[in-house]
Each structure stands twice: as structure tokens, then as C-alpha cells.
Amino acid sequence: MSDEELLSALLDQIGTLAEGVQAVMENQQSLAAKLDQQAAEQAAQAKSLAAIGVAVGMTYLASGTDTPLPVDVLEDRAFASFLENYPLDGPPITGKAAMADHLAQLDQVEPARLAAGFRDLERQTHLSMIERIRNRQIERIARDKYGDLEAIEKGRSVPGAPSRETDR
């Protein structure tokens, strides 16, 4: 083969290679577009599920039932928006019976120790969203019952707060 024929054959192979690379790039672009479409569809589905979770949660709240929603249901990602906005003065997230048990335990704690205890609970990173809501509900009840927990912790009396001596 002459140099010219070699060069021509090389150019043909480079052309074929370029066409192959172009086909691969087009295929990759098509796959990327399909993945983008699937991601958009999944985002829309997640938004719909979150809306359903909020609707179910609000229906639960409106029903006034004593039975809490099951924990495995509430821990589903669809309920995240509902839990983020769960009313602290709403029904006990863990149910009335479980909340009554927690409040009975709370009555055994000196009010001067409550503020520090609630701060410690807020710092704990391993708690689930449901446990955090439960703790905030208990804290709200304690603050309603005893008043300014930080002032009590520092040894200052709080006007209008019940005396611990009457609880014993």
C-alpha cells in the first residue's frame, strides 16, 4: 500500500470512529433525558404523596380519635410535612394512654430539673421525629403546669406557678 492509500484508509477509519463516538454521545444524551424525565416524575409523585400524607394527617387530627396513627405510618416520608407542622397542642402524637404514662413520670421529676432535661432531649440526634414531637408536647404541658422552667431552674420563684409541695 502506498502512503496515499494508507492515509485514505486511516481517514476512513477515523471517520467511522467519529460516527461511532457520535452515536454513543447521542445515546448518552437520550438516556440522560430519560433519567431527567423519571426524576421529574418521581419528584411529582413524592409531592403528591406528601400532600396525601398531610391530608390523612389533618383528617386524623380533625377526627379527634383517641387512637394515634401507627408509628410505621407516621415515619413514612410521605408524612414528613405533616409532622413538621404537627400542632404541639394537638392530640398526643403517641396516643392518650402513652402520654398519660409520660406525664406520670414527669410528675416524679423536680421542676427545677425539667428545663435542663428538655434541653438535653432537644440535643439528642438519635430521636425520631415522633419522639421529638412527643417531647415538645410534654414540654409544653410542663410549661403550662409550672411556668418559666428556666427561672425555676435558677431558683427564682415564678408567680402563679403551683408549688411543688402541693403536688406531694
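What you see is a predicted model, and the numbers here were worked out from it, not measured in a lab.

(A) Representation of the overall build of the protein within the structure. Looking only at helices and strands, one finds seven helices and zero strands in the protein. Overall, the protein shows an N-to-C arrangement of helices and strands of α-α-α-α-α-α-α. For 168 residues, the compact-globule estimate of 2.2 N^0.38 gives 15 Å, and the C-alpha radius of gyration of the protein, at 31 Å, exceeds that figure by more than 25%. On the principal axes, the C-alpha backbone points of the protein span a range of 110 × 40 × 20 Å. A burial count over the protein gives 21% of its 168 residues as buried. Nonlocal contacts in the protein, meaning residues at least 24 apart in sequence, comprise 65% of its contacts between residues at least 6 apart. Just so you have it, the protein exposes about 11,500 Å², and 56% of that area is on carbon and sulfur atoms.

(B) A look at the nonpolar core. By size, the foremost hydrophobic cluster in this structure holds 12 residues: Tyr60, Leu61, Leu69, Leu74, Ala78, Phe79, Phe82, Leu83, Tyr86, Ile93, Ile130 and Ile133. Within the residue set of this core, elements represented by two or more residues are α1 (3–63), α3 (80–84) and α6 (129–146). If sequence neighbours within four positions are ignored, leucine 69 has contacts with Gly57, Tyr60, Leu74 and Phe79. Judged by nonpolar contacts, the second largest core, of 10 residues, contains Met99, Ala115, Tyr146 and Leu149.

(C) Expanded view of a nonpolar patch on the surface. Taken together, the side chains of Leu7, Leu10, Leu11 and Ile14 define a hydrophobic patch exposed on the protein surface, amounting to about 390 Å² of accessible area. For leucine 10, the location among the structural elements is in helix α1.

(D) Just the side chain of arginine 134, in detail. You can see arginine 134 is positioned in helix α6. For the buried arginine 134, no salt bridge is present, and the opposite-charge side chain at shortest range is glutamate 131, 4.7 Å distant. Not counting residues within four places of it along the chain, the set of residues in contact with arginine 134 comprises Ile93, Thr94, Met99 and His102.

(E) Examining the pattern of salt bridges more closely. A full pass over the atoms with the stated rule returns five salt bridges. Put simply, arginine 119 and glutamate 153 hold a salt bridge, and the shortest N to O gap is 2.7 Å. Of the two residues, arginine 119 is situated in helix α5 (residues 111–123) and glutamate 153 in helix α7 (residues 149–153); the sequence distance between them amounts to 34 residues. Judged by relative accessible area, which is 35%, arginine 119 ranks as partly exposed. Here glutamate 150 ties to arginine 143 by a salt bridge, and the two come within 2.8 Å at their closest N and O atoms. Its relative accessible area of 28% is what places arginine 143 among the partly exposed residues. Each member of the salt-bridge network shares a partner with another, and the members are Glu139, Arg143 and Glu150.

(F) Highlighting the side chain of glutamine 137. With respect to the helices, strands and loops of the structure, glutamine 137 is situated in helix α6. In this view, glutamine 137 contacts Tyr86, Pro87, Leu88, Gly90, Pro91, Pro92, Ile93 and Met99; residues no more than four positions away in its chain are not counted.

About the criteria used
- Residues numbered from 1 in each chain as written.
- Predicted model: local features only at pLDDT ≥ 70, side-chain atom pairs only at ≥ 80, totals over all residues.
- Heavy atoms only, no water.
- Helix = DSSP H or I, 4+ residues; strand = E, 2+ residues; numbered from the N terminus.
- Rg over C-alpha atoms; globule rule 2.2 N^0.38 Å.
- Buried < 20%, exposed > 50% of the residue type's maximum accessible area, 1.4 Å probe, protein only.
- Contact = heavy atoms within 4.5 Å.
- Areas by Shrake-Rupley, 256 points an atom, 1.4 Å probe, with all protein chains shown as cover.
- Core = buried A, V, L, I, M, F, W, Y, C linked by side-chain atoms within 4.5 Å.
- Patch = residues over 30% accessible without salt bridge, like charges linked within 9 Å, V, L, I, M, F, W, Y side chains within 5 Å.
- Salt bridge = Lys/Arg side-chain N within 4 Å of Asp/Glu carboxyl O.
- Lys, Arg positive; Asp, Glu negative; His and termini not counted.

So far we have only geometry, and geometry alone does not tell us how the molecule works.
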